[in-house]
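Structural overview
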Amino acid sequence: MGTILDGKRVAAELRARLEGRIAALTERNARPALRIIRVGENRDDLAYEKGILKACSLLGVDVYVSALPEDASSGAPLEALRRANADESIHGIMVFRPLPERFAGEAVHAAIDPGKDVDCMSPLNLERLFEGRPGGFAPCTPEAVIEMLKAYEIPLRGANVAVVGRSMVVGRPLAMLLLREDATVTLCHSRTRNLSAVTRRADIVVAAVGRARFMTPEFFGPDAVVIDVGINDDGSGKLCGDVDFERCEPRVGAISPAVGGVGAITSTVLLAHVVLACEGIAKINGCNLT
Ligand code: NDP
């Protein structure tokens, strides 16, 4: 039986570490605040937003939502973003992506204040990430994967890690974060030849494929640590991961479930970034937070 990697536990530990810092900020009238910008009512966006609102209320972080209708004018997201950039009471901005095409997503990405870019959307912060330079916040989902691995003390230095999926949201930035930890990374995708032979050799496999229960036991070695980022509808309205959890769990070293796994950590990582951004501003304003 594999160890179940419990994202709720990891998120609770992260929250506990943030509580004292938020209290120190609030004492100095510097209450961390997040602005969410959402266009339309995409089901995944709404589910993620619900998780963020819950995490904000648990931690005492202020959150405001700019919910723009699907038929908003093409300049509306950029305008909302400019207002949030200029608003000194807002420390972090999160734009749900991808924006529908007519909203010129690239212009929106480029317009965010890099200091408030808590989910790594701006070209500057992406450049820092891909060049391995400090500064900027990492994208939240890939960072949640790293938090999970570290919380369970799974060694990364020199480890062979196969990441399946090369999107800009998960796979590619995660590969960069793993390199930062000195892992040896293989980034796999739909054209990877003999995928199961590649993943079977890995100490750690991260599934970010977007295909329900795609990875079955033959993809993993007996001691593999399996992180499932996937969140899919299994066809009957239930959520499931990219890994066939029931069949794989007894045959691997450790595994994260689709529900209560990485997704449970992501919104807390986002708030950790908002707190850090707020601390940065508070320090500039001369607050001693220690
Ligand atoms: P994308 O659809 O953007 O990317 C999927 C990737 O999987 C692509 O790189 C694609 O390869 C690869 N792929 C598809 N089919 C295969 C195959 N047969 N063999 C190998 N690789 C394949 O998905 P995302 O990265 O946005 O999301 C991945 C999953 O993670 C989804 O289930 C999503 O819902 C979930 N997710 C979860 C989050 C969380 O917080 N837990 C947050 C964000 C996403 P190619 O590039 O060649 O097409």
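**Thoughts on the overall build of the chain**
Along its length, the chain carries ten helices and eleven strands. Principal axes of the C-alpha set define a box for the chain whose edges measure 55 × 45 × 35 Å. Every one of the 290 residues in the chain was classed for burial, and the buried ones make up 49%. Put simply, 71% of the contacts in the chain that link residues at least 6 apart link residues at least 24 apart. For the chain, the exposed area adds up to about 14000 Å²; of that, 51% sits on carbon and sulfur atoms.

**A look at the site of the ligand**
Around the ligand, the surrounding shell holds 21 residues, and the nearest of these are Arg166, Ser167, Ser190, Arg211 and Ile231. Here an oxygen atom of the ligand and a side-chain polar atom of Ser167 are 2.5 Å apart. Within the contact set of the ligand, a nitrogen atom lies 3.4 Å away from a backbone nitrogen or oxygen of Val229. Across the complex, the protein chains shield 71% of the 930 Å² of accessible surface that the ligand would expose by itself.

**Things to note about the packing of helix 5 (residues 123–131) against helix 7 (residues 171–180)**
Running from N to C, helix 5 and helix 7 point in directions that differ by 45°, and their axes come no closer than 8 Å. By the angle between their axes, helix 5 is oblique relative to helix 7. Mapping the contact onto sequence places Arg128, Leu129 and Phe130 in helix 5 and Arg172, Pro173, Met176, Leu177 and Arg180 in helix 7. Here the residues of the contact of helix 5 with helix 7 sort into five nonpolar, no polar and three charged.

**Regarding the nonpolar core**
Buried together is how nonpolar side chains tend to be arranged in soluble globular proteins. Ranked by size, the top nonpolar core spans 55 residues in total, and within it Leu34, Leu149, Leu178, Ile204, Val206 and Ile227 carry the most contacts. Take this core: its biggest share by element is eleven residues, from helix 10 (residues 262–284). Residues contacting Leu149, with those up to four places away along its chain left out, are Ile154, Leu156, Leu178, Ile204, Val225 and Ile227. Among the nonpolar cores identified, the runner-up in size contains 18 residues, and Val39, Leu68, Ala72 and Val95 belong to it.

**Let's talk about the pairing of strand 7 (residues 204–207)**
On a regular strand, one side chain projects to one face of the sheet and the next to the other, so that they alternate. Where burial is concerned, the two faces of strand 7 agree: the one with Ile204 and Val206 and the one with Val205 and Ala207 are both buried. Sheet topology places strand 7 next to strand 8 (residues 225–228); four bridges connect them, and they run parallel. Its bridge partner lying in strand 8, Ala207 is registered against Asp228.

**Structural notes on the sheet that holds strand 3 (residues 62–68)**
In space, the three strands of this open sheet follow the order 3-2-4, with parallel pairing throughout. The strands lining the two open edges of the sheet, one partner per strand, are strand 3 and strand 4 (92–95). On average, adjacent strands in this sheet sit at an angle of 15° to one another, irrespective of strand direction. The sheet contact formed by strand 2 (residues 33–39) and strand 3 spans seven bridges and is parallel.

**Let's talk about a nonpolar patch on the surface**
A cluster of nonpolar side chains, namely Ile231, Leu239 and Val259, defines an oily patch on the protein surface of about 300 Å² accessible area. Along the chain, Leu239 falls in strand 10 (residues 239–240).

**Notes on the layout of surface pockets**
Its volume calculated, the second largest pocket comes out at about 380 Å³. Ala138, Glu143, Glu147, His273 and Leu276 are the residues nearest the centre of the second largest pocket, which is lined by 24 residues in total. Contributions of two or more residues to the lining of the second largest pocket are made by helix 1 (7–27), helix 5, helix 6 (140–151), helix 7 and helix 10. Residue classes in the lining of the second largest pocket are distributed as twelve nonpolar, four polar and eight charged.

**Thoughts on the pairing of strand 2**
Among the seven residues in strand 2, six count as buried, and that is most of the element. Handedness of the crossover joining strand 2 and strand 3 through helix 2 (residues 43–59): right-handed.

**Examining the sheet that holds strand 7**
Pairing is parallel across the open sheet formed by six strands, whose spatial order is 1-11-8-7-5-6. At either margin of the open sheet sits one strand with a lone partner, and together these are strand 1 (3–4) and strand 6 (184–188). Packed on one face of the sheet, helix 6 meets strand 7 and strand 8 and runs near 145° to strand 8. Lying on the sheet, helix 7 is in contact with strand 5 (160–164), strand 6 and strand 7; it crosses strand 6 at an angle near 170°.

**Some words on the side chain of Glu49**
Secondary-structure assignment places Glu49 in helix 2. When sequence neighbours within four positions are dropped, the list of residues in contact with Glu49 reads Ile36, Arg38, Val65 and Phe96.

What counts, and where the lines are drawn
Residues numbered from 1 in each chain as written. Predicted model: local features only at pLDDT ≥ 70, side-chain atom pairs only at ≥ 80, totals over all residues. Heavy atoms only, no water. Helix = DSSP H or I, 4+ residues; strand = E, 2+ residues; numbered from the N terminus. Buried < 20%, exposed > 50% of the residue type's maximum accessible area, 1.4 Å probe, protein only. Contact = heavy atoms within 4.5 Å. Areas by Shrake-Rupley, 256 points an atom, 1.4 Å probe, with all protein chains shown as cover. Near = heavy atom within 4 Å. Polar contact = N/O pair within 3.5 Å; in protein donor to acceptor, adjacent residues only side chain to side chain. Axes fitted to C-alpha atoms, helices over the stretch in contact; angles between N-to-C directions. Parallel < 35°, antiparallel > 145°, perpendicular 65-115°, else oblique. Nonpolar A, V, L, I, M, F, W, Y, C, P; charged D, E, K, R; others polar. Core = buried A, V, L, I, M, F, W, Y, C linked by side-chain atoms within 4.5 Å. Pairing = 2+ DSSP bridges. Patch = residues over 30% accessible without salt bridge, like charges linked within 9 Å, V, L, I, M, F, W, Y side chains within 5 Å. Salt bridge = Lys/Arg side-chain N within 4 Å of Asp/Glu carboxyl O. 1 Å grid on protein atoms, 1.4 Å probe; cavity = no way out; pocket = protein on both sides within 12 Å on 5 of 7 lines; lining within 4 Å. Points joined across faces, edges and corners; volume = space filled by probe spheres on them. Right-handed = clockwise from strand over helix to strand, strands pointing away.

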